[in-house]
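# Structural overview
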Amino acid sequence: MSLLEVKGLKASYGVVPALHQVDFNVNAGEVVGILGHNGMGKTTTLRSIMGFVKVTDGDIVFEGQSLKGLSVNARARRGLGLVPQGRMIFPTLTVRENLESGIATGKQPMEPIIDEMLSLFPRLERLLDRAGGALSGGEQQLLALARCLCRKPKLMLLDEPTEGIQPSIIDEISDTLKQLAKTTDITIVLVEQNLDFITGLSDRVYAISNGVLDRQIPEEQLKDSRAVSEFMGFVT
Ligand SMILES: Nc1ncnc2c1ncn2[C@@H]1O[C@H](COP(=O)(O)OP(=O)(O)OP(=O)(O)O)[C@@H](O)[C@H]1O
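On a predicted model such as this, the values are computed, not experimentally measured, just so you know. (Residues numbered from 1 in each chain as written. Predicted model: local features only at pLDDT ≥ 70, side-chain atom pairs only at ≥ 80, totals over all residues.)

## Section: the overall build of the chain
What the chain contains, in helices and strands, is 9 helices and 10 strands. In terms of overall dimensions, the chain has C-alpha extents of about 45 × 40 × 35 Å along its principal axes. In the chain, which comprises 236 residues, the share counted as buried stands at 40%. Nonlocal contacts in the chain, meaning residues at least 24 apart in sequence, comprise 69% of its contacts between residues at least 6 apart. (Helix = DSSP H or I, 4+ residues; strand = E, 2+ residues; numbered from the N terminus. Buried ≥ 20, exposed ≤ 12 C-beta atoms within 10 Å, placed from the backbone. Contact = placed C-beta atoms within 7 Å.)

In structure tokens, the structure reads:
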């Protein structure tokens, strides 16, 4: 059974349609990539799954149950987590406070969860007392990932984690996500424009174009970034 099934999803901003037809599925433990140009509907797809965008048709089924009518918080409690585009960490809170804000209140002691995050993201350790807004873009992305993981999501939705980030930290993010995928049973849906990053991490990759997501990029093409570009129409 798929962990996540997105079926015939449509969404609009007011009267302007953003998603025309989104159909894909994700199995437990997979890393699934969604590749597309600017404005094609990647962010809207993830925000619809998380419950921030109201869908007008179709269904999102998680662990066999429809998420229809559930709030963002209810979806988070079911095990969904979103790392939004642009990181959205709290700039005036310290790194430690940002991490604490990601831990479900009143549940477990915070310290072991923070220690676990620091072992996965060692670069954050020496930054614990620094304000989130004083970190580099790459460090903020690591913090945003760690904050999402503090809640132990079953499914993590990642919105363009490489956007505006220097190559050395992109490699670090990629290595960390690979390690996470290998050592835990987390499932990841990743939307990106960065071909190398997405093909390096994903078990399967879908293409999104003009609000339509229903084509999986053939596996043999994934090894060849030029073939992927051609499939997507990135080069002519
Ligand atoms: N808040 C909004 N109000 C109105 N239209 C929006 C809003 N957010 C997105 N759109 C429109 O919906 C469409 C899909 O946008 P979306 O942000 O999902 O694309 P994207 O693939 O994530 O793009 P990018 O890579 O630039 O983030 C675009 O035409 C965009 O202009």
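From this point, the discussion proceeds with the structure in view.
## Some details on the environment of Arg78
Along the chain, Arg78 turns up in helix α2 (residues 72-78). By C-beta crowding, Arg78 is classed as partly exposed, having 15 other C-beta atoms within 10 Å.

## Concerning the site of the ligand
In the vicinity of the ligand, the contacting residues are Tyr13, Val16, Ala18, Gly36, Asn38, Gly39, Met40, Gly41, Lys42, Thr43, Thr44 and Gln85. Contributions of two or more residues to the shell around the ligand are made by β2 (16-27) and α1 (42-50). Counting residues per element, the shell around the ligand draws most heavily on α1, at 3 residues. Within the shell around the ligand, the residues separate by chemical class into 4 nonpolar, 7 polar and 1 charged. (Near = placed C-beta within 6 Å. Nonpolar A, V, L, I, M, F, W, Y, C, P; charged D, E, K, R; others polar.)

## With respect to helix α4 (residues 110-120)
The complete set of buried residues in α4 reads Ile113, Ile114 and Met117. Buried residues of α4 fall within an arc of 100° about the axis and therefore sit on the same side. Summarising the geometry of α4, the exposed residues directed more than 90 degrees from the buried face are Glu111, Pro112, Asp115 and Ser119. Residues of α4 that are buried make contact with α3 (95-101) and α5 (137-149). (Arc of directions from axis to C-beta.)

## Topic: the sheet that holds strand β9 (residues 204-209)
The 10 strands lie next to each other as β5-β4-β1-β2-β10-β9-β3-β8-β7-β6, forming an open sheet whose pairing is mixed. Edge positions in the sheet fall to β5 (65-66) and β6 (80-83), since each has one partner strand and no second. With 4 bridges joining them, strand β3 (residues 31-35) and β9 adopt parallel strand pairing. Note on β9: the bridge partner recorded for Val32 is Arg204. (Pairing = 2+ DSSP bridges.)

## Things to note about the confidence of the model for the chain
As a general rule, the predicted coordinates of low-pLDDT regions are not to be interpreted in detail. With 98% of its residues at a pLDDT of 70 or more, the chain has an overall mean of 91. For this predicted complex, the interface score ipTM comes out at 0.92, alongside a pTM of 0.93. (pLDDT = per-residue confidence, 0-100.)

## Quick look at the nonpolar core
Judged by nonpolar contacts, the single largest core of 64 residues is most densely connected at Ala146 and Leu157. Discounting residues that sit within four places of it in the chain, Ala146 has contacts with Leu99, Met117, Leu120, Phe121 and Leu124. (Core = buried A, V, L, I, M, F, W, Y, C linked by C-beta atoms within 7 Å.)

## As for the environment of Ala28
Inspection of the secondary structure assignment puts Ala28 in the loop between β2 and β3. Those residues in contact with Ala28 that sit more than four places away from it in its chain are Leu3, Asp185 and Thr187.

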